[in-house]
Amino acid sequence: MDLRFTPEEIAFRDEVRAFFRSALPERIRAKLIEGRHLSKDDIVTWQRILNAKGWAVPHWPVEWGGTGWDPVRQYIFLDEMQQTPAPSPLQFGVYMVGPVIYTFGTEEQKRRFLPRIANLDDWWCQGFSEPGSGSDLASLKTSARREGDHYIVNGQKTWTTLAQHADWIFCLVRTNPSAKKQEGISFLLIDMRSPGVTVRPIQTIDGGREVNEVFFDEVRVPVENRVGEENKGWDYAKFLLGNERVGIARVGVSKERLRRIRELAAMEREGDVPLIEVPRFREKLAAVEVELKALEMTQLRVVAAERRREKGRPDPASSILKIKGSEIQQATTELLMEIVGPYALPYQEEREDGWNEPPIGPEWAASVAPTYFNWRKISIYGGSNEIQKNIIAKAILGL
Ligand SMILES: Cc1cc2nc3c(=O)[nH]c(=O)nc-3n(C[C@H](O)[C@H](O)[C@H](O)COP(=O)(O)OP(=O)(O)OC[C@H]3O[C@@H](n4cnc5c(N)ncnc54)[C@H](O)[C@@H]3O)c2cc1C
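Residues numbered from 1 in each chain as written. Predicted model: local features only at pLDDT ≥ 70, side-chain atom pairs only at ≥ 80, totals over all residues. Heavy atoms only, no water.

### Notes on empty space enclosed by the protein
Part 1: The final tally for this structure, using the stated rule, is two cavities of 30 Å³ or more.
Part 2: Its boundaries defined by the atoms lining it, the largest cavity holds a volume of some 80 Å³.
Part 3: Ile-33, Glu-34, Gly-35, Arg-257, Arg-260, Leu-264, Leu-336, Trp-364, Ser-367, Val-368 and Thr-371 together form the lining of the largest cavity.
Part 4: Elements represented by at least two residues in the lining of the largest cavity include exactly helix H8 (251–265) and helix H11 (368–374).
Part 5: Ranked by residue count, the leading element in the lining of the largest cavity is H8, at three residues.
Part 6: In the lining of the largest cavity, the residues fall into five nonpolar, three polar and three charged.
Part 7: When residues of the lining of the largest cavity are assigned to domains, at least three fall in each of domain 1 (7–89) and domain 3 (249–395).
Part 8: The computed volume of the second largest cavity comes to approximately 40 Å³.
Part 9: Residue lining of the second largest cavity: Gln-47, Leu-90, Gly-93, Val-94, Ile-117, Leu-120, Asp-122 and Trp-124, and that is the complete set.
Part 10: Residues of the lining of the second largest cavity, tallied by class, amount to five nonpolar, two polar and one charged. (1 Å grid on protein atoms, 1.4 Å probe; cavity = no way out; pocket = protein on both sides within 12 Å on 5 of 7 lines; lining within 4 Å. Points joined across faces, edges and corners; volume = space filled by probe spheres on them. Helix = DSSP H or I, 4+ residues; strand = E, 2+ residues; numbered from the N terminus. Nonpolar A, V, L, I, M, F, W, Y, C, P; charged D, E, K, R; others polar. Domains from an automatic or database assignment.)

### Structural notes on the pairing of strand S7 (residues 211–222)
Residues in a regular strand point their side chains to alternate faces of the sheet.
Part 1: Pairing between strand S3 (residues 150–157) and S7: seven bridges, direction antiparallel. Each residue of the ladder has a partner; that of Tyr-151, found in S7, is Val-221.
Part 2: In this sheet, S7 lies alongside strand S6 (residues 197–202) in antiparallel orientation, the contact comprising six bridges. Pairing of Val-199 across the sheet is with Val-214, part of S7. (Pairing = 2+ DSSP bridges.)

### So, the packing of aromatic side chains
Part 1: Enumeration over the complete set of coordinates arrives at 20 aromatic pairs.
Part 2: Between Trp-69 and Phe-77 the ring centres are 5.1 Å apart and the planes differ by 55 degrees, which places this aromatic pair in the tilted class.
Part 3: Of the residues examined, Trp-69 reaches a relative accessible area of 15% and is grouped as buried.
Part 4: Taken together, a centroid distance of 5.8 Å and an interplanar angle of 0 degrees make the contact between Phe-170 and Phe-187 stacked. With Phe-170 in strand S4 (residues 168–174) and Phe-187 in strand S5 (residues 185–191), this pair connects stretches of sequence that are 17 residues apart.
Part 5: Among the residues examined, Phe-170 registers a relative accessible area of 0% and is labelled buried.
Part 6: Exposure remark for Phe-187: the relative accessible area of 0% places this residue in the buried category.
Part 7: Three or more aromatic residues link up through ring pairs in this structure, and these residues are Phe-12, Phe-19, Phe-20, Trp-46, Trp-55, Trp-69 and Phe-77.
Part 8: Lying over the aromatic face of Phe-12, Arg-73 brings its terminal NZ or CZ to 5.4 Å of the ring centre. (Phe/Tyr/Trp six-rings, centres within 6.5 Å; stacked < 30°, edge-to-face > 60°. Buried < 20%, exposed > 50% of the residue type's maximum accessible area, 1.4 Å probe, protein only. Lys NZ or Arg CZ within 6 Å of the ring centre and 35° of its normal.)

### What about a nonpolar patch on the surface?
Part 1: Nonpolar side chains collect at one region of the surface, where Ile-320, Ile-396, Leu-397 and Leu-399 lie side by side and expose about 400 Å² of accessible area between them.
Part 2: For Leu-397, a relative accessible area of 55% corresponds to the exposed category. (Patch = residues over 30% accessible without salt bridge, like charges linked within 9 Å, V, L, I, M, F, W, Y side chains within 5 Å. Areas by Shrake-Rupley, 256 points an atom, 1.4 Å probe, with all protein chains shown as cover. Salt bridge = Lys/Arg side-chain N within 4 Å of Asp/Glu carboxyl O.)

Below is the structure:
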């Protein structure tokens, strides 16, 4: 299997790289390099720049805005985006509900929703997990009972990422409580402005607000907002979750992080040699770099194999990419913590005159500890790493 890019693919890579460098507003790029949170406006701005270029949804069918690129070009595009670094598109629309709608939705749903996803006119969130139904998703309890041409939805979703910005939520709901658990679920598109929808924030360990609880109290949802057949929602969810893990290795993100780590570790330290000259640190850095190279090779093997794979069927190797990709991303945050050392948790003394001491340490250090804490999530969402190991055991090792 040849894992090298052809001259045409290299030319394509250069074109994509040049576009990303020139089109991405510098303030957004700086935020990503420094590990600061992006605002909704940053993400919308970037998505609209991509849409104007015709690159908002490259993997979609051409009639709905796709580019027709083969899997290698799709990979190069994502990798370059991550390395720039540029914001990843809002995955709930572009990688999750969009493909479900163009694969299983009605013509009316496609016309209504797909162009608005590509331009990020509608912000989507994902309503799958519930308290007690995460890894065991099929046990979900949110109910939808049919009344004429509406469903009446009651229940609770949790960990709903960025629901505070959302116009729409795609939900798994139970439409047949007496069927086997996988067979009584439907896939509904719910307008977040519907009466009876409440969003409550969950504060995360880094002090951020990116996840929420979403409550449904007698919410009326038109039947035309169901995707596909009633009680077949589990099939659409499996299709979606397979897509969720595509690109989850985020090799480009880790490459960019490691570049940043090298740069910061080379800085002068008061009374000490730069960290990059300390053998123990170099050893750890090299170990992560080697792991990342191996991950990249695995990713390229999956991409090369994709040319032959049946379209729409996720490769179980994506579980390996998820596990290694998340471990490496977390390892990069550990290296950054080592670089900032005591500045990781700047102590701000509350003084009697109400004036706070400025944070100790350089400005770039301030985001390192929050990122370290925040990135613990990567081994949980998208199917926890333990669940991925179960998938590998069954689908790859045949246990
Ligand atoms: C930051 C973040 C954002 C998220 N965003 C969303 C979102 O937008 N929408 C959404 O629907 N969900 C979202 N999730 C939820 C996510 O999908 C779940 O957290 C995940 O599936 C795990 O479910 P759980 O939290 O209920 O943990 P549990 O399923 O209760 O698992 C607890 C622990 O037990 C382990 N475990 C469970 N079952 C097994 C098993 N069979 N074998 C071995 N180990 C097992 C798990 O690996 C984990 O370590 C998000 C989660 C996080 C952390």
